[in-house]
Amino acid sequence: MSDDAKGRYADEAEPPEQAEEEGPPEEYRVLFAAAEYGRADIVASAAAALKEKLAPGEDLAEALGAARNDDDASLLEKACSSNKVDAVRALLRVGAIPQASTPVAWLEEGSACRAAAHAELMQQVALGDAGRVTKLLKLLGPIPRLSDAATFGGDSPLHWAASFGQETALAALLEAGADANAGNDDGVTPLHEAARAGHAACVSLLLKGGADAALRISDGPDAGKLPADLAKNDMP
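Being a predicted model, the structure only gives us computed values, none of them experimental.

1. Describing the side chain of Lys78
Inspection of the secondary structure assignment puts Lys78 in helix H5 (residues 75-81). Residues within four places of Lys78 in sequence aside, it is in contact with Phe32, Ala35, Glu36 and Asn69.

Listed below in structure tokens is the structure:
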């Protein structure tokens, strides 16, 4: 290169160095390690720290549910595959529910992890969080397995929605394909529960969803009773 050329280029500024692309927040790595080793305490603290780093309007539960490791496993799947039930419960509490189009194989029937997920479903039904109810139903399926309902006296999520008067959760369950005539261990149906509790809107939704008002309770103190026999006097 000539001296003139060297002089000309010497006056020009050096091209700026390109900044290294930032990776995901460190909290994701911490959360996957906590899921693998069952550190429920770290799940809670790392999720709280991650929340502070999210962009305005970004939802923590959505971010946690979408997180994947190098094996394309979600946080919840990682905890389940490691059989760390405490971590499963902690992840569910912070909303780390991955999207699913069909029930997932890693929540095996009779497993402690599935029991924890079903218990979370029942709690979210009682609270009326239809969004989380829908996500959990996609993971578990709309019809509870025998092992799911055993802990709750045979009650299905629909029983709890009817009993607690959670209309939006009840509607989400029916839309997902829940059985409106499912009986618990005593043969009590969701319609019995809604009538007994005086939740007229839930009664109406159940009837529209195919509930049979002619079913009688088979056992227990209310054996032989129809939903109408349990209805509150002040129900419209």
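2. Notes on the pattern of salt bridges
Under the definition given, this model contains eleven salt bridges. A salt bridge links Glu26 to Arg29, with the shortest nitrogen-to-oxygen separation between them at 2.4 Å. Residue Glu26 and its partner Arg29 are both found in helix H2 (residues 26-37); the two are separated by three residues, about one turn of the helix. On the accessibility criterion, Arg29 (53% relative accessible area) is exposed. Counted as one network, the salt bridges with shared partners bring together Glu193, Arg196, Asp222 and Lys225.

3. Comments concerning the packing of aromatic side chains
Aromatic ring pairs are described here by two measures, namely the spacing of the ring centres and the angle between the planes. In total, this model carries two aromatic pairs according to the counting rule given. Both rings, one in Phe152 and one in Trp160, keep their centres 5.4 Å apart while their planes meet at 90°; by these two values the pair is edge-to-face. With a centroid separation of 5.8 Å and an interplanar angle of 55°, the aromatic rings of Trp160 and Phe164 are classed as tilted. Within this pair, Trp160 and its partner Phe164 are both found in helix H10 (residues 157-164), separated by four residues, close to a single helical turn. On the accessibility criterion, Trp160 (23% relative accessible area) is partly exposed. According to the relative accessible area criterion, Phe164 is partly exposed, its value standing at 46%.

4. Quick notes on the environment of Val43
Relative to the helices and strands, Val43 is located in helix H3 (residues 40-53). Classification of Val43 as buried rests on a relative accessible area of 0%. Taking the C-alpha atoms as reference points, Val43 and Ala90, separated by 47 residues in sequence, lie 6.4 Å from one another. Non-local contacts of Val43, meaning those with residues more than four positions away in its chain, are made with Leu31, Ala34, Ala90, Leu91 and Val94.

5. Re the environment of Ala63
Relative to the helices and strands, Ala63 resides in helix H4 (residues 60-66). Classification of Ala63 as buried rests on a relative accessible area of 9%. As a C-alpha pair, Ala63 and Ile97 span 34 residues in sequence and 9.6 Å in three-dimensional space. Residues within four places of Ala63 in sequence aside, it is in contact with Tyr28, Leu54 and Glu58.

About the cut-offs
- Residues numbered from 1 in each chain as written.
- Predicted model: local features only at pLDDT ≥ 70, side-chain atom pairs only at ≥ 80, totals over all residues.
- Heavy atoms only, no water.
- Helix = DSSP H or I, 4+ residues; strand = E, 2+ residues; numbered from the N terminus.
- Contact = heavy atoms within 4.5 Å.
- Salt bridge = Lys/Arg side-chain N within 4 Å of Asp/Glu carboxyl O.
- Buried < 20%, exposed > 50% of the residue type's maximum accessible area, 1.4 Å probe, protein only.
- Phe/Tyr/Trp six-rings, centres within 6.5 Å; stacked < 30°, edge-to-face > 60°.

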